[in-house]
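Okay, here's what each chain looks like letter by letter:
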Amino acid sequence: MLVLLSPAKNMNFDPVDRDLPKTQPSLIDETRILSKTTRGLTISKIKTMMKINDDLAKLNRERFQAFDAEQPGEKQAAFAFNGEVYRGLDAASLSAEDLDWAQGHLRLLSGMYGTLRPLDGIHPYRLEMGRKLHTRRGESLYDFWGQTIAKDLNAAMDGDADPVILNLASNEYFKSVDRKALKTRVITANFKEEKDGQLRALMVYAKKARGMMARWVIENRVTDPADLVKFDAGGYRFEPEGSKDGELLFTRPQPAAAGKKAA
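Visitor: How would you summarise the packing of helix α2 (residues 43-50) against helix α3 (residues 54-66) if you had to cite specific residues and measurements?
Guide: Each pair of packed helices gets described by two things: the angle between the helix axes and the distance between those axes. Between α2 and α3, the least distance of the axes is 8 Å, while the angle of their chain directions is 115°. On the basis of their axis angle, the class for α2 and α3 is roughly perpendicular. Crossing of α2 over α3 shows right-handed handedness. Here Ile43, Ile46, Lys47 and Met50 of α2 come into contact with α3, specifically with Asp54, Ala57, Lys58, Asn60, Arg61 and Phe64. Each residue belonging to the contact of α2 with α3 can be placed in one class, and the counts come to 5 nonpolar, 1 polar and 4 charged.

This is the structure in structure tokens:
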């Protein structure tokens, strides 16, 4: 079973205080091609494309200008991304054995790199998959990546008797996986909070839950999708009535802090 996660907009490139290997992304040749386009983006174009302010546009132009796919990445991907998903994953507290296992069972989708293993070295960047970007392959990153990501995932599961993808990525990023080219079934996990008998999907909690489930799979070496219903991290529980073929629902009582914020 292969687990998919989205990346995060925010990144942290402080040094990793551990002696860990740093591997090369499998689609680095495609990244080299893409980086030639991003290197030519102006501050104005970046600002419009990403809908960000001048300071962030300037920062990201500097990153694109400095981006060198010929050189090893500066930091392992699972440690560089900094958002709710990665707070749930908490890669820094995973053991070396856990991270080694995750190399074969976890993929992080990326607008710049396509797919990443947890210990793949990356450079600072910001390039959301859903943004429009003209390349020789089309008008968007979906056009650029085409079937490449799906084929890479197929290769990662080559030899599995019953290949399955556990989709914990956002819709924006999972759309980059060409389902027609994907040679495996997909199971998507959804997370909702319960309050006053009503279920709500609160994105801040759902994102963290995705990371927590990825961590739970890693720590428990889960390879059989039938075992996913046992997930109970963070107080979540499997909800059979809200689940269906290919989609699993997990719920929990809504945290008090969320209730206060909603009020």
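Moving on, there is more to tell.
Visitor: Requested: an account of the pattern of salt bridges, with residues and values cited.
Guide: A full pass over the atoms with the stated rule returns 14 salt bridges. A cluster of three or more residues bridged by salt bridges with shared partners is formed by Lys9, Arg126 and Glu128.

Visitor: Give a description of helix α6 (residues 96-105) that names residues and reports values.
Guide: When α6 is considered as a whole, its buried residues turn out to be Asp98, Leu99, Trp101, Ala102 and Gln103. Buried residues along α6 sit in contact with α4 (77-80), β3 (106-110) and α10 (203-220).

What counts and how
Residues numbered from 1 in each chain as written. Predicted model: local features only at pLDDT ≥ 70, side-chain atom pairs only at ≥ 80, totals over all residues. Heavy atoms only, no water. Axes fitted to C-alpha atoms, helices over the stretch in contact; angles between N-to-C directions. Helix = DSSP H or I, 4+ residues; strand = E, 2+ residues; numbered from the N terminus. Parallel < 35°, antiparallel > 145°, perpendicular 65-115°, else oblique. Left-handed = near helix turned anticlockwise from the far one by under 90°. Contact = heavy atoms within 4.5 Å. Nonpolar A, V, L, I, M, F, W, Y, C, P; charged D, E, K, R; others polar. Salt bridge = Lys/Arg side-chain N within 4 Å of Asp/Glu carboxyl O. Buried < 20%, exposed > 50% of the residue type's maximum accessible area, 1.4 Å probe, protein only.

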